[in-house]
Amino acid sequence: MIVQLIQNAVRFLLLVFLQVVLLNHIQWSGFVNPYVYLLFILLLPVETPKGLLLVLGFVTGLVIDMFGNSGGLHAAATVAVAFARPGILRLLAPRDGYEAEMRLVPQTMGLKWFATYLVLMTFIHHFVLFYLEVFRFSEFFLTFFKVLLNVGISVLLMIMGQYLFGRAVNRNERILG
Amino acid sequence: MRNLLIFLWRYNFFIFFLLLEACCIYLIAQNNHFQRAAFVNSSNRIAAKVNSGVSAVTDYINLRETNEGLARQNAALKSLLPGVYYIDSVNRSHVKDTLRKQQYEFMVARVVNNSVNRRNNYLTLDRGSLQGVHPEMGVISADGIVGIVKDVSPHYCSVMSFLHKDSRVSARIKKNGFIGSMVWEGYDAQFAALKDIAKHVKLAKGDTIVTSSFSAIFPEGIMIGTVDFVDANTGNNFQDIRIRLSTRFGSLSYVYLVDNLMKDEQLKLEAKQTQ
């Protein structure tokens, strides 16, 4: 329990730091701006209470907003992700349901499951974020292209990061995806 | 009442979600409001500290370009000097010609945070109310216009970049004096659009666009950009004009805050007319 708490706190700090110091400054062709901080919400334990999820989402988004001068944009997007998470998890549940204290990482859940989960959630996040930012329909398709492009890049970064820095779990626990 | 409570309890997760989203929307709406007293912005102490650190590193990397830019700025400033003054001795023969009154004051500031890849972009500068910065001051760089001050804390100010949904700058075609307005349509920090130029106005690629004298924020004749593409075959009375911006928003390090000392006087007079 305590270990999990510390693990998540450290993950929160690292991801926010990475996002604010490095990724917010990527300005490539005006289209690409990956957001990986929502990995924090995605990797919270399965049994996290729903209410707590929303609060954590709100706080995470607000911290990113503070550094990026964007009012409540990121908070709105991250709260939407936190709201969608229980439903998406139910949708993607393995045949026997989730085991207690199962970690939502590719090493236990399989790469296919993990990638699907990430793409769905990142799409929700980016969709809310970019459309709230533009806030008009006249640029609908350009914005949609931007959402799809960034979902691809963000998910790629998150999976790479998870394999590079996520601690490998015991091989026996592995479920082939 | 009891039914209401049961309803609230059953859908508590959804209602909590709506409540938080409402908070977010409120914050976003406040952020768009021009002169707000928001606390979620990078003028606050911790965010500004971190952004300062990041900018210290990028500043060092950009040192060479910055030096070149400053040298260019020196040359540009010398040619600008006469335009900085407001001459109040016109039509008064008894006043000596040399008596001039200063209208614009310039203050140098360092960019500690900047973005170009969003639909609404902001900058943070390391000058604040202690140095006399106040909202609605103009911001220009060596190459052209940058934006308008939006919020001020004691040591920092945040600036609404020209690369913003709501920015609109009155512009003049230098060679023939026609007035239009510049807006940024998003996605590419190098280009913007010039609106409200009628079809009979002749334009060629490379024509210079500068700020007009209509703005109480920017001095007249500050460079905005050059014409990149003109399309007169539109369905309305105006031409589609794409402007290549002269300011390189991606590599801003030092900018100048412009204070119009006579702005209040002008705005007060203009407000009287609309009453």
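Residues numbered from 1 in each chain as written. Chains lettered and ligands numbered in written order. Predicted model: local features only at pLDDT ≥ 70, side-chain atom pairs only at ≥ 80, totals over all residues. Heavy atoms only, no water.

### Notes on the overall build of chain A
Convention followed: Working definition: helices are DSSP H or I runs of at least four residues, strands are E runs of at least two. Numbering for both runs from the N terminus. A simple rule labels every residue: compare its accessible area, found with a 1.4 Å probe on the protein chains alone, to the largest value its type can have, and call it buried under 20%, exposed over 50%, or partly exposed in between. Whether two residues are in contact is decided by their heavy atoms, any of which lying within 4.5 Å being enough. Under the convention used here, a 1.4 Å probe and the Shrake-Rupley method define accessible areas, while residue burial counts only the protein chains that appear.
What chain A contains, in helices and strands, is 7 helices and 0 strands. Counted from the first residue to the last, chain A has its helices and strands arranged as α-α-α-α-α-α-α. Buried positions account for 51% of the 177 residues belonging to chain A. A separation of at least 24 residues holds for 69% of the contacts in chain A among residues at least 6 apart in sequence. A total accessible area of about 8,800 Å² is found for chain A, and carbon and sulfur atoms account for 72% of it.

### Description of helix 7 (residues 140-165) of chain A
All names here are of chain A. Rules: One fewer than the residue count of a helix, multiplied by 1.5 Å, yields its expected span.
Its 26 residues give helix 7 an end-to-end C-alpha distance of 37 Å, which sits within 8% of 38 Å, the value for a rise of 1.5 Å per residue. Regarding helix 7, the residues found buried are T143, K146, V147, N150, V151, S154, V155, M158, I159 and Q162. On its buried face, helix 7 is in contact with helix 2 (39-42), helix 5 (106-109) and helix 6 (111-134).

### So, the confidence of the model for chain B
Residues and elements named next belong to chain B. Formally: Scored between 0 and 100, pLDDT is the confidence that the predictor attaches to each residue.
Looking at chain B as a whole, its pLDDT mean stands at 82, while 86% of the residues score no less than 70. When pLDDT is averaged over each element of chain B, strand 11 (residues 208-211) comes out on top at 94 and strand 1 (residues 85-86) at the bottom at 48. Across residues 86-98, confidence stays below pLDDT 50; counting only partners more than four residues off in sequence or on other chains, it has 11 contacts. Two numbers describe this predicted complex: its pTM, 0.60, and its ipTM, 0.78.

### Some details on unusual backbone geometry
All names here are of chain B. With phi around 70°, E136 is a residue other than glycine that occupies positive phi space. Phi is positive for D196, which is not a glycine, with a value near 65°. Locating D196 in the fold gives a position in the loop between strand 10 (191-195) and strand 11. With a relative accessible area of 40%, D196 lands in the partly exposed category.

### So, the side chain of H74 of chain A
Positionally, H74 of chain A belongs in helix 4 (residues 73-91). Setting aside residues up to four positions removed in sequence, H74 of chain A forms contacts with Y35, Y37, G61, I64, D65 and L129 of chain A.

### Side note on the nonpolar core
So the rule is basically this: Buried Ala, Val, Leu, Ile, Met, Phe, Trp, Tyr and Cys residues form a nonpolar core when they are joined through side-chain atoms within 4.5 Å.
Within the largest apolar cluster, 57 residues are counted, with the highest numbers of intra-cluster contacts made by I41, L54, F58, W113, Y117 and L118 of chain A. Counting residues per element, the ones that place at least two in this core are helix 1 (2-21), helix 2, helix 3 (50-68), helix 4, helix 6 and helix 7 of chain A together with helix 2 (12-32) of chain B. At 10 residues, the largest contribution of residues to this core is made by helix 4 of chain A. With residues up to four places along the chain from it excluded, the contact list for W113 of chain A reads L89, L92, Y98 and L104 of chain A.

### Quick look at helix 1 of chain A
This is how the line gets drawn: Here, the arc refers to the directions that run from the helix axis to the C-beta atoms.
In a regular helix each residue adds 1.5 Å, so 20 residues correspond to 28 Å; helix 1 of chain A covers 28 Å between its end C-alpha atoms and thus fits that length. When helix 1 of chain A is considered as a whole, its buried residues turn out to be N8, R11, F12, L15, V16, Q19 and V20 of chain A. For helix 1 of chain A, the angular spread of the buried residues around the axis is 145°, confining them to a single face. For helix 1 of chain A, exposure combined with an orientation more than 90 degrees from the buried face picks out I2, V3, I6, L13, L14 and F17 of chain A. If you follow the buried residues of helix 1 of chain A, they end up packed against helix 2 and helix 3 of chain A together with helix 3 (45-61) of chain B.

### Quick notes on the sheet that holds strand 13 (residues 240-245) of chain B
Residues and elements named next belong to chain B. To keep things clear, this is the line we draw: If DSSP finds at least two bridges between two strands, the strands pair. Orientation is described by axes fitted as lines to C-alpha atoms, over the contacting stretch for helices, and by angles from 0 to 180 degrees between their N-to-C directions.
Pairing is antiparallel in the closed barrel, where 6 strands are placed in the order 8-9-10-13-12-11. Going across the sheet, the axis of each strand differs from the next one's by a mean of 40°, ignoring polarity. With 6 bridges joining them, strand 12 (residues 223-231) and strand 13 adopt antiparallel strand pairing. Counterpart to F229 in the pairing with strand 13 is R242.

### Brief notes about the pairing of strand 14 (residues 254-260) of chain B
Residues and elements named next belong to chain B. Counting buried positions along strand 14 yields 6 of 7 residues, so the element is predominantly enclosed. Inspection of the sheet shows strand 3 (residues 104-114) paired to strand 14 by 7 bridges, in the antiparallel sense. Pairing of E105 across the sheet is with D259, part of strand 14.

### Regarding the interface of chain B and chain A
Test applied: Here the buried area means the combined drop in accessible surface, using a 1.4 Å probe, for two parts upon being joined, counting both sides. Criterion for a salt bridge: a side-chain nitrogen of Lys or Arg within 4 Å of a carboxyl oxygen of Asp or Glu. Contacts described as polar in this section are N or O atom pairs within 3.5 Å, which, within protein, must combine one atom able to donate a hydrogen with one able to accept it, while residues neighboring in sequence count only if both atoms come from side chains. Gly is put with the polar residues, along with every residue not named as nonpolar or charged; the nonpolar set is Ala, Val, Leu, Ile, Met, Phe, Trp, Tyr, Cys and Pro, and the charged set is Asp, Glu, Lys and Arg.
On the chain A side, the residues contacting the 35 residues of chain B number 43 residues. Counting the surface lost from both chain B and chain A, the interface buries some 3,400 Å², and carbon and sulfur atoms represent 63% of this. Ranking the residues of chain B by area buried against chain A places F13, N117 and Y187 of chain B at the top, with a combined share of 25%. The interface formed by chain B and chain A holds 0 salt bridges in total. Seen at the junction of chain B and chain A, the total is 6 residue pairs in polar contact (both at pLDDT 80 or more). Looking at the side of chain B that touches chain A, the elements with two or more residues in it are helix 2, helix 3, strand 3 and strand 4 (122-125) of chain B. It is helix 2 of chain B that provides the largest number of residues to the side of chain B that touches chain A, a total of 12 residues. A per-class count over the side of chain B that touches chain A returns 18 nonpolar, 12 polar and 5 charged.

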